[in-house]
Amino acid sequence: MLTPANSFDTLITPPSLVHISHSTPKPTAMPIEMDLLSPAESPPPVVPKLLREASDITWLESLESKKGQVVLVRRRGLFRLLHQQQFKNSLLASVGYLELANAADFAANVWNEIPVPRFAAVLMGIGGTLALGMVWINVKLLRAERDHLERLRQYNNKNAELARLIDSRLGVGLREIGTEVIDRILMDVLMGFGSLLVGVGTLMAIGGANPHVFKASNLLSGYIGNGLAAVFGVVNAIWSGYLFHRFYVHDAATFAREPNDDIRRRLHTRLRRFQWHAGINGINGLVAGAASMVTAERWWGYVVLIPCIISLILCNYFWRKKLGYDRPLLGDTSPRDVQVTPLIEDLQYAIAMQRALADPEYSLPQAIVQYDSLDSILRFIVRENMLEPYCESLARDRSTGHLLAAFPSLNTSPDQIIISLDTLFRLPASHLKLILEHAKQFLRTTGVHIFTHRERYLLELLGYAVCRDHKNATITTQDNTIEQA
């Protein structure tokens, strides 16, 4: 059991500054230099976790006992994951156009002519369905992880280091669940269903000569259909306001307590991006909701909707490219097996790995991965929890997709195959050469994105941890002041 310590020292204490050489090391040598800081700043510090990984050969043996495997199922001739095991950035590009679908009633409300808003049904039927399916999986996985974390929290209640780290995961998990439920499910349901009602009401305008049909058309394409967008706008504004305040507090605490200039800069940038997105998204929802209600009787409501539609699309694009992330979930780990790794080390490790994989001028120590060895690359992929996205990449890539037919299928389910280190190494030599080239490309592309996403998640964890430490320190100081008085 780990010795309890101050959470600030445990979670975010930076390592001592020791420079790493540029020379290419032997497996037991020091790792090469990783450009963690910009050229204008001081030389990069050693990444303690990278040092340990490069010098510790026992992890290679421990992999033999790991049950790292992924099950793929054949559906309509294509292999897909049987069960998603990772939290994924669920915001699809199509949901950004739901506000545009809500504006499909323009002709019915203004000119009452014959409109054909087919794209509204397409967006809801395809984009909305896919988004909802992915979101439900995300929420289910996040809830399962949260339940597991709460059990770990109870078991390790006396371990101050681990308890505080689990609290940080729980805190960020609450934001993740809130985002999935409010910004995904609620938006897809209210906006999507509203778009459907607007489309039905607009089609009914074809028979507008009938006074009953005309009234029903105006209600569906006007107040009822657009009212759902207004309801979402209010709820979204409340949630966005909470997020804006949350990240403002985290940012203030970072400047007060985080001593590492590079980490402070990265964390400040990410928190400000969250604030920017929450602020614009909240205001946009309120204005769009109000404008939607105005469109029921006034044409100029559509003029107000135009910048809202553009803003929503840009906000969704910004989230997908700069804020959202995929990450592995904490599985059913035994409470006895949980180990504490300082967040600052994990963060610096993720930064170092993404830069080393992306920059051809740098290479990782051979003790970590050897690029000319399929065995080394595959073990590295499994060790870094990248087997699931790697298998997805194998299935999607046209150059390797046909190789999946060589994997053994389950006796009970012939359409299902298992991919693991063992099954990969049993493939014919001609297949292994192709898989080696694909694995190299995977590390240079998808691998970089995976560590980039890992950095985003760790930065948010760190921000939450710093904020809790700052709040606890402030309360302690106030209590001591009161006692002295």
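Note that this is a predicted model, so its numbers are computed, not measured. (Residues numbered from 1 in each chain as written. Predicted model: local features only at pLDDT ≥ 70, side-chain atom pairs only at ≥ 80, totals over all residues. Heavy atoms only, no water.)

1. Let's talk about the pairing of strand β5 (residues 416-420)
Both faces of the sheet carry side chains from a regular strand, because those side chains alternate between them.
Stage number 1. Extensive coverage of β5 is indicated by the burial of 4 of its 5 residues.
Stage number 2. By the bridge criterion, 5 bridges tie strand β1 (residues 69-75) to β5 in an arrangement that is antiparallel. If you follow V73 over to β5, its bridge partner there is Q416. (Buried < 20%, exposed > 50% of the residue type's maximum accessible area, 1.4 Å probe, protein only. Helix = DSSP H or I, 4+ residues; strand = E, 2+ residues; numbered from the N terminus. Pairing = 2+ DSSP bridges.)

2. Concerning the side chain of H438
Stage number 1. Mapped onto the secondary structure, H438 falls in helix α15 (residues 429-484).
Stage number 2. Given a relative accessible area of 6%, H438 falls into the buried group.
Stage number 3. Setting aside residues up to four positions removed in sequence, H438 forms contacts with Y390, S393, L394, D397 and T400. (Contact = heavy atoms within 4.5 Å.)

3. So, the packing of aromatic side chains
Stage number 1. This structure, assessed with the given rule, holds 7 aromatic pairs.
Stage number 2. The rings of F87, Y325 and Y457 are connected pair by pair, giving a single aromatic cluster.
Stage number 3. Across from the ring centre of F451, 4.9 Å away, lies the NZ or CZ of R454, which sits over that ring. (Phe/Tyr/Trp six-rings, centres within 6.5 Å; stacked < 30°, edge-to-face > 60°. Lys NZ or Arg CZ within 6 Å of the ring centre and 35° of its normal.)

4. Structural notes on the packing of helix α9 (residues 261-294) against helix α10 (residues 300-323)
Stage number 1. Across the interface, α9 lies against α10 with an axial gap of 9 Å and an inter-helix angle of 155°. By the criterion of interaxial angle, the relationship of α9 to α10 is roughly antiparallel. Between α9 and α10 lies a crossing whose hand is left-handed.
Stage number 2. Taken together, the residues of the contact of α9 with α10 break down into 17 nonpolar, 6 polar and 3 charged. (Axes fitted to C-alpha atoms, helices over the stretch in contact; angles between N-to-C directions. Parallel < 35°, antiparallel > 145°, perpendicular 65-115°, else oblique. Left-handed = near helix turned anticlockwise from the far one by under 90°. Nonpolar A, V, L, I, M, F, W, Y, C, P; charged D, E, K, R; others polar.)

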